[in-house]
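Inside the fold
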Amino acid sequence: MAGGLFALKISYVLSTALVLPITQGALYVSTSRVRVAAFMDAVPMKPGQLLVDLGCGDGRVLRMATKRYGIKTIGYEVNWMACLIARLLCMGDRTIKIKRKNFWKENLSAADVVFCYLYPDVMQRLSKKLISDLKPGTVVASCNFSMPGFTPSNVLRPGGSLHNDPLYIYHI
Ligand SMILES: C[S@@+](CC[C@H](N)C(=O)[O-])C[C@H]1O[C@@H](n2cnc3c(N)ncnc32)[C@H](O)[C@@H]1O
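Below is a summary of the structure that appears in this document. Along each chain, numbering runs from 1 in the same order as the chain's sequence is written. pLDDT decides what is reported in this predicted model: residues at 70 or higher carry local features, side-chain atom pairs at 80 or more are listed and counted, and totals for whole chains, interfaces and linings draw on all residues regardless.

Quick look at helix α6 (residues 120–133)
Helix and strand labels come from DSSP, where a helix needs a run of H or I of at least four residues and a strand needs a run of E of at least two; each type is numbered from the N terminus. Here a helix's expected span is defined as the number of its residues, less one, multiplied by 1.5 Å. Over its 14 residues, α6 extends 20 Å from the first C-alpha to the last, a length consistent with the 20 Å expected when each residue adds 1.5 Å. Where α6 bends most, at L126, the angle is about 30 degrees. Contact criterion: two residues are in contact if their C-beta atoms, reconstructed from the backbone, are within 7 Å. Against β4 (113–116) and β5 (139–143) lie the buried residues of α6. Note that the bend at a residue is defined as the angle between axes fitted to the seven residues ending at it and the seven residues starting at it.

Structure below.
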């Protein structure tokens, strides 16, 4: 039991450290279900639309969104441990694609909704990429960190004191 936990911790540390040059500080930490639910209440989606999670972790945002709205989803994830967990948890659902890829190298123009929970150091660069990639009307939700140069249409503070960090919603 203790050996298993130790192995899990080592795997977490190694998988996180190996991709730090790409993630620039965005660790594999999941958004609470309260916050994901608040995001989905604020951003209704229609079947046929595409939600992209930039760094999908265990894929929970994708699963909750497909379950609630019947949409298609893509999650990019470079951390092999997070990617493996996401693929296992999303197994059997053909509307969810988990790509072990660096989203900076991908074209995001097909997205109708973009979700991210990253790190302050990358937000400036992300604003530029989203302006260049996304079509007008695309909705962007960013957990905790605002997008420089964008004006939010809504700032959610879901939940109690534990889950009260801002969740910014933008319309491109
Ligand atoms: C804070 S976690 C958020 C996980 C999930 N989106 C959620 O809200 O539960 C950020 C994730 O983004 C991933 N990530 C960061 N930069 C990435 C990149 N350039 N390409 C793919 N994944 C990235 C990290 O590996 C990490 O698992």
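A few points about the site of the ligand
In the region of the ligand, 25 residues are neighbours, and Y28, T31, G55, G57 and N79 sit closest. Contributing elements (two or more residues each) for the shell around the ligand: α2 (20–23) and α4 (60–69). When grouped by side-chain class, the residues that make up the shell around the ligand number 15 nonpolar, seven polar and three charged. Only the C-beta atom matters for nearness: placed from the backbone, it must lie within 6 Å of the molecule or strand for the residue to count as near. Any residue outside Ala, Val, Leu, Ile, Met, Phe, Trp, Tyr, Cys, Pro, Asp, Glu, Lys and Arg is labelled polar, Gly included; the first ten of those are nonpolar and the last four are charged.

Some thoughts on the sheet that holds strand β3 (residues 96–99)
Any two strands are treated as partners once DSSP identifies two or more bridges connecting them. On the basis of which strands lie adjacent, the open sheet formed by seven strands has the order β3-β2-β1-β4-β5-β7-β6 and mixed pairing. Looking at strand neighbours, the two that pair on one side only are β3 and β6 (154–156), the edges of this open sheet. Each strand of the sheet is rotated relative to its neighbour by a mean of 15 degrees, with strand direction disregarded. Judged from the three bridges that link them, β6 and strand β7 (residues 167–171) form a sheet pairing that is antiparallel. Across the sheet, the residue bridging to L156 is L167, located in β7. Note on geometry: axes are lines fitted to C-alpha atoms, helical ones only across the stretch in contact, with angles between N-to-C directions running from 0 to 180 degrees.

As for the environment of I131
Tracing the backbone through its elements, the reader meets I131 in helix α6. For the pair formed by I131 and S109, sequence separation is 22 residues and the distance between their alpha carbons is 10.0 Å.

So, unusual backbone geometry
Glycine aside, the phi torsion of most residues is negative, and most peptide linkages are trans. Positive phi outside glycine occurs at Q24, with the angle close to 50 degrees. With respect to the element layout, Q24 can be found in the loop between α2 and α3 (33–42). For the exposure call, what matters is how many other C-beta atoms sit within 10 Å of a residue's own: 20 or more marks it buried, 12 or fewer exposed, and in between partly exposed, using C-beta atoms placed from the backbone. Residue Q24 is classed as partly exposed on the basis of its C-beta count, with 13 C-beta atoms lying within 10 Å. In the Ramachandran plot, N144 falls in the positive-phi region, its phi being about 70 degrees despite a non-glycine side chain.

Points about the pairing of strand β1 (residues 50–54)
Counting buried residues in β1 gives four out of five residues, a clear majority hidden from the surface. Crossover β1 to strand β2 (residues 72–76) through α4 is right-handed. By the bridge criterion, four bridges tie β1 to β4 in an arrangement that is parallel. In the sheet register, L51 faces β4, and the bridge partner there is V113. Crossovers are described as right-handed under a simple rule: with the strands pointing away from the observer, the path leading from the first strand over the helix to the second runs clockwise.

Description of helix α1 (residues 2–18)
For α1, with 17 residues, the first-to-last C-alpha span of 24 Å sits near the 24 Å given by 1.5 Å per residue. The buried count for α1 comes to zero of 17 residues, which makes it a mostly uncovered element.

Details of the nonpolar core
Each nonpolar core reported here comprises buried Ala, Val, Leu, Ile, Met, Phe, Trp, Tyr and Cys residues connected via C-beta atoms within 7 Å. L51, V113, V114, F115 and A141 are the most contacted members of the largest nonpolar core, which totals 44 residues. If near-sequence neighbours (up to four positions away) are discounted, F115 is found in contact with F39, L51, D53, V61 and A141.

A closer look at the pairing of β4
Each regular strand carries side chains that alternate between the two faces of the sheet. Judged by which residues are buried, β4 turns out to be covered on both faces: V113 and F115 on one side and V114 and C116 on the other are all buried. Looking at chain direction, β4 and β5 are connected through four bridges and run parallel. Bridged to C116 within β5 is S142.

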